[in-house]
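What follows is the residue order along each chain.
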Amino acid sequence: MNLYIEGSKVLHKVLEKHGSVKNLAYSSQYENKPQLIGLVCETLKYGALLQQLVDRTKLLTKEHLLKGDNLLAQTLVHDFVVGRGINHAGRLKQVITRNRAALTKKYESMLADAGVTSLEQLLPQNETSFAGTLPRYVRVNLLKSSVSDVISTLESEGWERSVTPAKDIQGFQDAVSNLQDYHFLQDPHLHDVLVFPPRTDFHENELLTSGKIVLQDRASCFPAHILSPPEGATIFDCCAAPGNKTSHVASLINNKGTVFALDKDGRRMATLQRLMRNVGVTCVIPNCQDFLKVNPQDARYKDVEYMLVDPSCSGSGIVSRMNEIIDDPSTSSSQRLDTLSNFQVTMLKHAMKFPNVKRVVYSTCSIHAEENEEVISELETIVEGQFKVCKVFPDWPDRGLPGYDSSDCFLRMSPENSLSNGFFVACFERVETNPDVNRTVPKHAKKKKKMREKDESEISSEQETCSNDIETTDTTVVSKKKKCKKSNDSDEETFIEENGTKKRKHGEKESEPESKRKRKKHGMNLVENPDCVDTDGNDDVCANGDLSLNVDACDENIEEENGVSVKKHKKKKKHKNRDLEMKSCSLGNHFEAGETGEEDKSNVIKKHKKKHKNRDLEMSTCSVDDHCVAADIEEKVVKKHKKKHKHRDLEMNTCSVDDNFEAAEIEDHSNVETTETSEEHVSHHKKKRKHKHNKD
């Protein structure tokens, strides 16, 4: 792509007030943006003198390739007379070749008539103060090389390194002014910045084209060093394009970490991505988005600790801006500065909303206090107690303007003192007196915490209610008198209760010892309660059970009494249509038997019918009092019992729990004892039934 054609296009747009040189240059398709910006700025600066040469040589009338474009002719003449020759000109180079003699003659005649030796001396006084006299600054890209390697390469090319000057203003200025051609020095404050004589051209140098060095003004290198993130850190550059500061941050962390780079200008973001590829940056995540629309509570940014804020500003500190030529008279008006400062305050406030950010660096290329000291002073009142302004680069001589509380903490750069563009930098750090208070807790974290506390309180309440219900439940059961014969086991207990129902008052029950209420009776007793299941013998846990099954360990001693007996039907040869009636236990107000329990009862009955075809069994159940609580025996005992006693009669009956005991406590040795006792009871029970059968 032709450099001079693209330069003339940018010049036309600048003079027509379509934008600034920098923005228009980055919107161009020409790849080498710094070279394009330099050509446009220099042509604007020498515009009137260059036009005199064009007119005197009559280039527009002689050369049809120029198509009557004065600005295109000025760009060509500039590089021939002032610059380092014509490059990337294509066919336009023929214009200079054919008119070389005429241009040289007219140029020398112009200087002789004015009594000067260079075109720069013909410029107005206000344009010669700093423009063209500032040194060339080069930043070493630590991702592709090191400072020592770059210095060695320069020395091999014929450059000579001068002694690094002192850090005071005068010492630096003296060292720079004494730089001769092919001499350079290392910046005394920034270890990765090298200083060269003014107008040193690196556009064709291999160090620049390979990405080992970056052309960057000294002032704009301070923000990354002040931010000073460690390797592995997460950084947010909220106004990143065109990317010099972004790539500098990535260079300092050695690509170890994450840098979120945002800018709402798509073309400038494309430039940033090209720069990242050229300098070898891999840790940057670019995003074309307005920073003010970013949600600070987004999970992607939860680890952001370092924030770089370089918002839009008036650009009044840029030396080559030439406001007198390209800007409106209202460029630095108070109304415009107020608008910019309000925007800058908004950007800073938004940056400080990120929950874990601990350092925020603010910078502008402006010299106006409205965009610098006044912005920081306003922020200090807003974030007081959360963030504070800290002093950075304490040996830097040029501080903030007087009259502000934190002026000594600010950094200012100027062409007069620091020999750079006008610049301002301030740094905020989070106050860590009470991190739990200062750090913003994400909304989702607050919600989870509230739900967790609510669940814990509900669980605690349910457990307390369940415990109270158990403690206040009546345990009296009505059953028939049973005689349980002890056989070789002195520890086996027999529970006998009188016929009838007897309710105990809650007051009497509550006075019972807890240990008595929770004890389980020994013997073959299986309980699956629909509401409360004691899973481990220690804690009462609310659950959904199936039914209440009671296999009485003493059922072999059941006697026919009060008209209630087991009726045998021997006359029937086949018992396919035999009905087995079970009376469900009526539970108290606190517990009710479910449908699932009834199904399980039916399954047990079917199994019983299949095994005992020649026996007619009629089970009677006793009504349980309203507040009955049945005990639970571990499932292992039941399975063992079923396996060993397949041919044993199952007679389901609710067995009362004695007034002094409640099912709650089973010890490990009870399982073995129960099994042995059950075998004896079954044997005795079979003999008894055989005797009755023969008698009948």
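Residues numbered from 1 in each chain as written. Predicted model: local features only at pLDDT ≥ 70, side-chain atom pairs only at ≥ 80, totals over all residues. Heavy atoms only, no water.

What counts here: UniProt positions are given in the numbering used here, feature names are shortened, and annotations may be inferred rather than shown by experiment.
The protein chain is annotated in an unreviewed UniProt entry as Methyltransferase NSUN5 of Mizuhopecten yessoensis. The annotation that UniProt attaches to the protein chain under Sequence similarities (unreviewed entry) is "Belongs to the class I-like SAM-binding methyltransferase superfamily. RsmB/NOP family." If you open the UniProt record of the protein chain and go to Catalytic activity (unreviewed entry), you find "a cytidine in 25S rRNA + S-adenosyl-L-methionine = a 5-methylcytidine in 25S rRNA + S-adenosyl-L-homocysteine + H(+)".

A look at the pattern of salt bridges
We apply this condition: Here a salt bridge means any side-chain nitrogen of Lys or Arg lying within 4 Å of a carboxyl oxygen belonging to Asp or Glu. Secondary structure elements follow DSSP: runs of H or I no shorter than four residues count as helices, runs of E no shorter than two count as strands, and numbering proceeds from the N terminus. Buried, partly exposed and exposed residues are distinguished by accessible area as a fraction of the type maximum, computed with a 1.4 Å probe on protein chains only: under 20%, between the cut-offs, and over 50%, respectively.
Counted according to the given criterion, the structure contains 14 salt bridges. The closest approach of N and O atoms between D187 and R218, which form a salt bridge, is 2.6 Å. Pair noted here: D187 is in the loop between β3 (183-186) and β4 (193-196) and R218 is in the loop between β5 (213-215) and α12 (222-227), with a separation of 31 residues, a long-range link. Here R218 falls in the buried class, since its relative accessible area comes to 2%. The partner of R412 in a salt bridge is E373, with the nearest N and O atoms 2.8 Å apart. Here E373 lies in helix α17 (residues 373-382) and R412 lies in strand β12 (residues 411-413), a separation of 39 residues in the sequence. Ionic contacts of the salt-bridge type, sharing partners, join the residues E42, K45 and R199 into one network.

Thoughts on helix α9 (residues 147-156)
Filter applied, for reference: This arc describes the spread of directions from the helix axis toward the C-beta atoms. By definition, residues are in contact when any of their heavy atoms lie within 4.5 Å.
Turning to α9, its buried residues number three or more, namely V147, V150, I151 and L154. The arc that holds every buried residue of α9, seen down its axis, measures 100°, which confines them to one face. Residues of α9 that are buried make contact with β1 (136-140), β2 (160-161), β3, β4, α11 (206-209) and β5. Directly after α9, the chain includes G158, whose backbone phi takes a positive value near 105°.

Topic: the UniProt feature "active site" (unreviewed entry) in the protein chain
Per the UniProt annotation, the sites labelled "active site" (unreviewed entry) are C365. Along the polypeptide, C365 turns up in the loop between β10 (359-364) and α17. When residues no more than four places from it in sequence are discounted, the contact partners of C365 are C313, G315, S316, G317, I318, G422 and F423.

Comments concerning the nonpolar core
Basically, it comes down to this: We call a set of buried residues a nonpolar core when its members are Ala, Val, Leu, Ile, Met, Phe, Trp, Tyr or Cys and they connect through side-chain atoms within 4.5 Å of each other. Domain start and stop points were drawn from an automatic or database domain assignment.
Ranked by size, the top nonpolar core spans 47 residues in total, and within it F222, I226, I235, L411, M413 and V425 carry the most contacts. By residue number, the principal contributor to this core is helix α14 (residues 266-279), which donates five residues. For this core, the domains that each give at least three residues are domain 2 (135-215) and domain 3 (218-430). Other than its neighbours up to four places away in sequence, V425 contacts F222, P223, I226, V361, Y362, S363, F410, L411 and M413. Counting residues in each nonpolar core, the second largest holds 43 residues, with V10, L39, L65 and Y107 among its members.

A few points about the UniProt feature "binding site: S-adenosyl-L-methionine" (unreviewed entry) in the protein chain
Per the UniProt record, "binding site: S-adenosyl-L-methionine" (unreviewed entry) is annotated on C239, A240, A241, P242, G243, N244, K245, D263, D290 and D310. Looking at where C239 falls in the secondary structure, it is placed in the loop between β6 (234-237) and α13 (244-252). Here C239 is in contact with L262, D263, D310, P311 and M347, once residues within four sequence places are set aside. On the secondary structure map, A240 appears in the loop between β6 and α13. Of the residues examined, A240 reaches a relative accessible area of 5% and is grouped as buried. When near neighbours in sequence (up to four residues on either side) are disregarded, A240 contacts T246, A261, L262, D263 and L272.

Topic: a positive patch on the surface
The test is simple: Residues enter patches when they are more than 30% accessible in relative terms and free of salt bridges; like-charged ones are connected within 9 Å and nonpolar ones (Val, Leu, Ile, Met, Phe, Trp, Tyr) within 5 Å. Here the accessible surface of atoms and residues is derived via Shrake-Rupley with a 1.4 Å probe, and residues count as covered only by protein chains that are part of the display. We count Lys and Arg on the positive side and Asp and Glu on the negative side, and we leave His and both chain ends out. By convention, the point assigned to a charge is CZ for Arg, NZ for Lys, CD for Glu and CG for Asp.
There is a patch of like positive charges on the surface, built from R56, K58, K62, K105 and K106. Within the secondary structure, K58 sits in the loop between α4 (47-57) and α5 (59-62). Looking at K58, the relative accessible area reads 54%, which means it is exposed.

Topic: the packing of helix α1 (residues 3-15) against helix α6 (residues 70-81)
Selection rule: For every element, the axis is a line fit to its C-alpha atoms; helices are fit only across the contacting stretch, and the angle between N-to-C directions ranges from 0 to 180 degrees. Put simply, angles under 35 degrees are roughly parallel, angles over 145 are roughly antiparallel, angles from 65 to 115 are roughly perpendicular, and the rest are oblique. With the far helix as reference, a near helix turned anticlockwise by less than a right angle produces a left-handed crossing, and one turned clockwise produces a right-handed crossing. Residue classes follow a fixed rule: Ala, Val, Leu, Ile, Met, Phe, Trp, Tyr, Cys and Pro count as nonpolar, while Asp, Glu, Lys and Arg count as charged, and any other residue, Gly among them, counts as polar.
The contact between α1 and α6 brings their axes to 8 Å, and the two run at 125°. Relative to α6, the element α1 lies oblique. The handedness of the crossing between α1 and α6 is right-handed. Contact residues: α1 offers Y4, I5, S8, L11, H12 and L15, while α6 offers L71, L72, T75, L76 and D79. In terms of residue class, the contact of α1 with α6 is built from seven nonpolar, three polar and one charged.

Notes on the packing of α13 against α14
Following both chains from N to C, one finds α13 and α14 inclined at 35°, their axes separated by 10 Å at the closest point. For α13 against α14, the interelement crossing comes out right-handed. Residues N244, T246 and S247 of α13 touch α14, and the partners they reach there are L272, L275, M276 and V279. A per-class count over the contact of α13 with α14 returns four nonpolar, three polar and no charged.

Description of the side chain of H248
Looking at the element boundaries, H248 is found in helix α13. Apart from the residues lying within four places of it in its own chain, the contact partners of H248 are R139, D192, Q216, C221, A224 and H225.

Considerations on the sheet that holds β1
Put simply, the test is: Strand pairing requires that DSSP identify at least two bridges connecting the strands.
Reading across from one edge, β2-β3-β4-β1-β5 is the order of the five strands in this open sheet, with mixed pairing throughout. Edge positions in the sheet fall to β2 and β5, since each has one partner strand and no second. Note that β1 and β4 share four bridges and pair antiparallel. For Y137, the partnering residue across the bridge sits in β4 and is V195.

Observations concerning the pairing of strand β8 (residues 284-288)
Let me state the cut-off plainly: We call a crossover right-handed when, viewed with both strands directed away from the observer, the connection leading from the first strand over the helix to the second proceeds clockwise.
When strand β7 (residues 258-263) meets β8, the two strands line up parallel, connected through five bridges. Within the sheet, the bridge partner assigned to L262 lies in β8 and is N287. Tracing the backbone out of β7, into α14 and back to the parallel element β8 gives a crossover that is right-handed.

Some points on the confidence of the model for the protein chain
Here is the rule: On a scale of 0 to 100, pLDDT captures the predictor's confidence in every residue.
Summarising the model, the protein chain shows a mean pLDDT of 73, and 59% of its residues fall at 70 or more. Predicted confidence for residues 469-577 stays below pLDDT 50, and this span has 254 contacts to residues more than four positions away or in other chains. Segment residues 616-634: pLDDT under 50, and 87 contacts once partners within four positions in sequence are set aside and those in other chains are kept.

Here's the deal with unusual backbone geometry
A cis amide bond links A241 to the next residue, P242, at an omega of 5°. Along the polypeptide, P242 turns up in the loop between β6 and α13. Not every positive phi belongs to a glycine, and R199 is a case in point at roughly 70°. Take R199: it is sitting in the loop between β4 and α11. With phi around 45°, F393 is a residue other than glycine that occupies positive phi space. Positionally, F393 belongs in the loop between β11 (387-389) and β12.

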